[in-house]
Protein chains: 2
Amino acid sequence: VFLLHTMEDSFKVQEYLNERTPRSAVIIGAGYICLETADALIHRGLTVTLVSRPKTVLPTVEPELGKLVEQELASHGVELWTGVEIASIGHENDTLSVLSTTGQKLAADLIIVATGVRPASGLAVAAGLKTGQRGAILVNRQMETSMPNIYAAGDCVETWHRLLRRYTYLPLGTTSHKQGRVAGENAIGGNRSFAGVVGTQVVKVFELAIARTGLLESEARSAGFDPFTTETVGWDHKAYYPGARQLHFRVTGDRTTGRLLGAQLLGHWKSEVSKRIDVFAAALFHEMAVDDLSALDLSYTPPLSSPWDPIQMAAQDWSRAIRKQQSRLELANV
Amino acid sequence: VFLLHTMEDSFKVQEYLNERTPRSAVIIGAGYICLETADALIHRGLTVTLVSRPKTVLPTVEPELGKLVEQELASHGVELWTGVEIASIGHENDTLSVLSTTGQKLAADLIIVATGVRPASGLAVAAGLKTGQRGAILVNRQMETSMPNIYAAGDCVETWHRLLRRYTYLPLGTTSHKQGRVAGENAIGGNRSFAGVVGTQVVKVFELAIARTGLLESEARSAGFDPFTTETVGWDHKAYYPGARQLHFRVTGDRTTGRLLGAQLLGHWKSEVSKRIDVFAAALFHEMAVDDLSALDLSYTPPLSSPWDPIQMAAQDWSRAIRKQQSRLELANV
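For every chain, the first residue of the written sequence is number 1, and numbering continues from 1 along that sequence. Written order decides the labels, with chains lettered from A and ligands numbered from 1. Totals for whole chains, interfaces and linings use every residue, but because this is a predicted model, local features are given only for residues with pLDDT of at least 70 and side-chain atom pairs only at 80 or more, for both listing and counting. Calculation of side-chain values draws on the structure's entire complement of heavy atoms; hydrogens and water are dropped beforehand.

**Re the sheet that holds strand β2 (residues 24–28) of chain B**
Residues and elements named next belong to chain B.
- Should DSSP find at least two bridges between two strands, the strands are taken to pair. Numbering of helices and strands starts at the N terminus; helices are DSSP runs of H or I of at least 4 residues and strands are runs of E of at least 2. What the five strands build is an open sheet, ordered β1-β8-β2-β3-β4; its pairing is parallel. Across the chains shown, the open sheet's two edge strands, defined by having one partner strand only, are β1 (2–3) and β4 (79–82).
- Of the pairings in the sheet, the one linking β1 to strand β8 (residues 110–113) comprises two bridges and is parallel in character. Bridge pairing in β8 links Leu3 to Val113.

Quick look at the structure:
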């Protein structure tokens, strides 16, 4: 039974795989690391069952896209147990087993657990630094802790969120690098400010890339926005040019102000999913309206896009849906 | 001898290829259409010679990248005649020939000419509308011509350039769509304004995608900026994940203000070149400083990027080079 948090953890798993050649694995968790692990173990020829507490895997995107991820996992032979909570992990002779709270039992040669991340802020606490959400170290925008001249950055600190306009806990490698640059520069006398995140993330699972930026509809609602979400399916490039593939967009904007709040995108990992979400991320960074995405001068050539990039078609779908809804409301008010 | 401007032109070429099965072609011109045609004719098994008046092909990017495009063309068997001006096209028996101004002669079964685009503004001129650069129709930001209630959009009109802060002639499909939307909406009583272009373009040539946005260094200088350009070579994703490929960036920024002025990018066409240039395009749209690109929350997963996207590493290279130059100047002034 392996926990997967550090590089050392992964080396131990690799060692076990090489030396003991297990034939079946149960993965507990349904986030990035678990899905990547499922992908890797299938490639190594193991039988893999993924046990997810959420009803749909990859809860960092909405269930509509999570369902498509499940199809991808299933099509590569991953067995899925979703909406299942683990009660215990057992051991009989040479075989491990997991037992769900509803009494289902699953045997395996190897169990991998990768659920949640906790900030390693023990040293900071011992030194008397203040901590906040989930025990992450409190920092200001200069990445200075509650103790002057002590800077902190990375998975151990709270992170400024540009859309939420508050600190949150969102540990990601990209953010760590940005924060480290700010902390380092300020520690030697500079005066740089961390601009904050908009929540951009991407993962590759088998042939899919799944990306998001900004807020999910539920997160936007909790933050006091008036979110509205549309789903759009479009081609990654002109369909007359060979090899066109479908992209699944979910665009969330504020019904009242028209402001872009978030986007989710799923498609083939060679369909520029990752850098397409980055265009949304750049738009979020600048607080653009959904409707203004159509004004962006994005590149086009038939093998790679359309004169309106699918990003813009998804944004236009959102605008159309909002207009439709508003004219219905006006009609209802007549 | 075929001119390539319209769809009809291309159908005629296709017909000729099917019926007469020419074995050799000379292509005159070194822009997008010519390079795409070279690619297509090589795929059809013809011997292809490309004759370029500029010393380097694809003058929409700087010669440093043009040279890499030439390597790609050559590696696929395209013969290159660069810096060559055509004096005449001749005909002997069944064979065509082109004669350069320096007396070089080249025989071929097929000659394709695709040099320059001119606005089809004849109807507008006949109707008394005012025209400007290269004869393109004058329009305002509402896409209204010099005659009230007459709107125009597309390759026949002048285009507002956000960086140049003036109208220019830059006919592209993406721009036509944007302008058409504005013109159409205003023609039926709306009040939408065309936000303008930043000059984003991309083309695929064999296995390469070559993209640009903003201004080349020479264009920036002509426009009164104080441009400085750096070239950066980086991996499209973490090199430990299989299949990493090199990206060639050229970043141009203003030495005085630090503002981003343009970017060029060349790499494998499956390396997200096109949507990476779009991140620069979004940054240009918002008049970002080169240094601020590092603040963008871009997506990362090892198969698709790095914690600093290569976009950001290229921007950081620019900042470092500027700092180095400035500290040299300061030392020189001591």
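**Quick word on the packing of aromatic side chains**
- The aromatic pairing rule takes the rings of Phe, Tyr and Trp, using the six-membered ring of Trp, and pairs them if the centres are within 6.5 Å, calling planes under 30 degrees apart stacked, those over 60 edge-to-face and the rest tilted. Evaluation of the coordinates by the stated rule reveals ten aromatic pairs over all chains.
- Sitting over a ring, as applied to charges here, requires NZ of Lys or CZ of Arg to be within 6 Å of the ring centre and within 35 degrees of the ring normal. Sitting over the face of the ring of Trp269 of chain A, Lys270 of chain A holds its NZ or CZ atom 4.5 Å from the ring centroid.
- The side chain of Arg162 of chain B reaches across the aromatic face of Phe285 of chain B, ending 3.7 Å from its centre.

**What about the interface of chain B and chain A?**
- Here a residue-residue contact requires only that any non-hydrogen atoms of the pair lie within 4.5 Å. At the interface, 51 residues of chain B touch 51 residues of chain A.
- Where chain B abuts chain A, roughly 4,600 Å² becomes buried across the two surfaces, and 60% of that area is made up of carbon and sulfur atoms.
- Once two parts are put together, the accessible area they lose, assessed with a 1.4 Å probe and summed over both, is termed the buried area. Interface area lost by chain B to chain A is led by Lys275, Asp297 and Ser299 of chain B, which between them contribute 16%.
- Note on definitions: salt bridges are taken to be side-chain nitrogens of Lys or Arg within 4 Å of carboxyl oxygens of Asp or Glu. Here chain B is connected to chain A by six salt bridges.
- Close ionic contact of Arg192 of chain B with Asp291 of chain A constitutes a salt bridge, the shortest N to O distance being 3.1 Å.
- Under the rule applied, a polar contact is a pair of N or O atoms within 3.5 Å (in protein, one hydrogen donor and one hydrogen acceptor; residues adjacent in sequence only if both atoms are side-chain atoms). Linking chain B with chain A are 22 residue pairs in polar contact (both at pLDDT 80 or more).
- At the level of secondary structure, the elements contributing two or more residues to the side of chain B that touches chain A comprise α5 (173–187), β11 (201–205), α7 (273–285) and α8 (310–333) of chain B.
- With ten residues, the single largest contributor to the side of chain B that touches chain A is α7 of chain B.

**Topic: the relation of the copies chain B and chain A**
- Least squares is the method for superposing the copies, and the C-alpha atoms it fits come from residues with pLDDT of at least 70 in both. Overlay of chain B on chain A (RMSD 0.0 Å): rotation 180°, translation along the axis 0.0 Å. These values place the two chain copies in the arrangement generated by a two-fold rotation axis.
- Most of the interface of chain B is mirrored in chain A, where 100% of its interface residues are also at the interface.

**Quick notes on α5 of chain B**
- Here, expected helix span is obtained from the residue count minus one, scaled by 1.5 Å. Along its 15 residues, α5 of chain B runs 20 Å from first to last C-alpha, staying within 8% of the 21 Å computed at 1.5 Å per residue.
- In this scheme, a residue with accessible area under 20% of its type's maximum is buried, one over 50% is exposed, and one in between is partly exposed, where area comes from a 1.4 Å probe on protein chains only. Looking at α5 of chain B, one finds that the buried residues are Thr174, Thr175, Lys178, Gln179, Val182, Ala183 and Asn186 of chain B. Taken end-on, α5 of chain B shows its buried residues confined to a sector of 160°, consistent with a single buried face.
- Residues of α5 of chain B that are buried in the fold lie against α8 (310–333) of chain A together with β9 (159–161) of chain B.
- In the stretch just after α5 of chain B, Gly189 of chain B is the one whose phi turns positive, near 100°. The directions considered for the arc are those from the helix axis to the C-beta atoms.

**A short note on the sheet that holds strand β12 (residues 208–214) of chain B**
All names here are of chain B.
- Read across the sheet, five strands follow the order β11-β12-β15-β14-β13 without closing on themselves; strand pairing throughout is antiparallel. Each edge of the open sheet carries a strand with a single partner, namely β11 and β13 (227–235). Shown here is a sheet whose adjacent strand axes are inclined to one another by a mean of 10°, direction ignored.
- Of the pairings in the sheet, the one linking β13 to strand β14 (residues 246–254) comprises nine bridges and is antiparallel in character. If you follow Glu231 over to β14, its bridge partner there is Arg250.
- Angular values range over 0 to 180 degrees, each being the angle between N-to-C directions of two axes fitted as lines to C-alpha atoms, with helices fitted over their stretch in contact. Against the sheet, α7 engages β11, β12, β14 and β15 (260–268), with an angle of about 175° to β15.
- Seen against the sheet, α8 touches β13 and β14 and runs at an angle of roughly 135° to β13.

**Details of the side chain of Arg276 of chain B**
- With respect to the secondary-structure elements, Arg276 of chain B resides in helix α7.
- Discounting residues that sit within four places of it in the chain, Arg276 of chain B has contacts with Lys275 of chain A together with Asp236, Leu247, Leu265, Ser271, Leu304, Ser305, Asp309, Pro310 and Ile311 of chain B.

**Quick word on the pattern of salt bridges**
Residue and element names in this part refer to chain A.
- Counted by the stated rule, this structure contains 34 salt bridges over all chains.
- A salt bridge links Arg276 to Asp309; the shortest N-O distance between them is 3.0 Å. Residue Arg276 is found in helix α7 (residues 273–285), and its partner Asp309 is found in the loop between α7 and α8; the two are separated by 33 residues along the sequence.
- Take Arg276: its relative accessible area is 0%, and that puts it in the buried class.

**Digging into the side chain of Gln201 of chain B**
- Among the secondary structure elements, Gln201 of chain B is positioned in strand β11.
- A polar contact of 2.7 Å, which involves the side chain of Gln201 of chain B, links it to the side chain of Tyr32 of chain B.
- Those residues in contact with Gln201 of chain B, other than ones at most four positions away along the chain, are Ser299 of chain A together with Tyr32, Thr60, Leu170, Leu172, Ile210, Ala211 and Arg212 of chain B.

Geometric descriptors of this kind do not, in isolation, establish any biological role.
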